[in-house]
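Structural description and commentary
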Amino acid sequence: MNKLLKIALASALVLGVASTSVSADPVKGQKLFIKKLKSSCGFNGAKFASKHTQDEWAEINNKGMFKEEIGKICPDADLSKIKDSWIKHFYDFSHEYASDSGNVPSC
């Protein structure tokens with residue numbers, strides 16, 4: 001029984017680490033914003049993220065409209081250069097630093 005418990009705990013640890021590494025990341029989203037959007041938006045990430053509340057960002061993301069929302073907020077951004085794989089990171093960044101979050105990014 002002790003061996004089975006060790007195997008179960010080891011499996012849970014591996015799954016926890018694996019799921020963390022594939023999830024989106026607010027820090028990566030912040031870096032992507034600085035590198036890919038800051039100049040075309042004309043303002044920093046804090047101003048971008050504060051355009052909506054956390055619930056509003058979640059709704060936009062759940063509807064699959066995040067890239068379009070970037071275009072509304074930053075009309076000079078070339079949306080064709082924004083990879084779909086970046087959207088989850090932009091979303092995590094925006095949600096983390098939304099107007100009602102109380103958090104302030106360093107960009």
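Residues numbered from 1 in each chain as written. Predicted model: local features only at pLDDT ≥ 70, side-chain atom pairs only at ≥ 80, totals over all residues. Heavy atoms only, no water.

A separate point is helix H2 (residues 26-41). Between its terminal C-alpha atoms H2 stretches only 18 Å, short of the 22 Å expected from 16 residues at 1.5 Å a residue. The largest bend in H2 comes to about 45°, at Ile34. Contacts made by the buried residues of H2 are with helix H3 (45-49), helix H5 (66-73) and helix H6 (84-96). Sitting at the head of H2, Asp25 places a side-chain oxygen 3.0 Å from the backbone nitrogen of Val27. With its phi angle positive at about 85°, Gly42 sits one or two positions after the end of H2. (Helix = DSSP H or I, 4+ residues; strand = E, 2+ residues; numbered from the N terminus. Expected span 1.5 Å × (residues − 1). Bend = angle between axes of the 7 residues up to and from the residue. Contact = heavy atoms within 4.5 Å. Polar contact = N/O pair within 3.5 Å; in protein donor to acceptor, adjacent residues only side chain to side chain.)

It is worth spelling out the side chain of Ser40 at this point. Mapping Ser40 onto the fold places it in helix H2. One polar contact links the side chain of Ser40 to the main-chain carbonyl oxygen of Leu37, over a distance of 3.2 Å. Setting aside chain neighbours within four positions, we find Ser40 in contact with Asp76 and Ala77.

Attention now goes to the packing of aromatic side chains. For the structure on display, the rule yields six aromatic pairs. Seen in terms of ring centroids, Trp57 and Phe66 are 5.1 Å apart; in terms of plane orientation they differ by 35°. Their pairing is tilted. Taking relative accessible area as the criterion, Trp57 reaches 0% and is therefore assigned buried. Residue classification places Phe66 among the buried residues on the basis of a relative accessible area of 1%. Cluster of aromatic residues (ring-pair linked, three or more members): Phe33, Phe48, Trp57, Phe66, Tyr91, Phe93 and Tyr97. (Phe/Tyr/Trp six-rings, centres within 6.5 Å; stacked < 30°, edge-to-face > 60°. Buried < 20%, exposed > 50% of the residue type's maximum accessible area, 1.4 Å probe, protein only.)

This part covers the state of the cysteines. Inspection of the entire model under this criterion finds one disulfide. Each sulfur in the disulfide pair Cys41 and Cys74 lies 1.9 Å from the other. Note on the Cys41 and Cys74 pair: the S-S dihedral is about 95°, so by sign convention the disulfide is right-handed. Placement of Cys41 in helix H2 and of Cys74 in the loop between H5 and H6 is noted, with a sequence separation of 33 residues between them. Like Cys74, Cys41 is buried. (Disulfide = S-S within 2.5 Å.)

Within this structure, the stated rule accounts for three salt bridges. The partner of Lys67 in a salt bridge is Asp84, with the nearest N and O atoms 3.1 Å apart. Of this pair, Lys67 sits in helix H5 while Asp84 sits in helix H6; the two residues are 17 residues apart in sequence, bridging distant segments of the chain. Relative accessible area serves as the criterion here: at 62%, Asp84 is assigned to the exposed category. Lys72 is the partner of Glu69 in a salt bridge, and the nearest nitrogen-oxygen pair spans 3.9 Å. Here Glu69 and its partner Lys72 are both found in helix H5, three residues apart, which amounts to about one turn of the helix. For Glu69, a relative accessible area of 12% puts it in the buried group. On the accessibility criterion, Lys72 (62% relative accessible area) is exposed. (Salt bridge = Lys/Arg side-chain N within 4 Å of Asp/Glu carboxyl O.)

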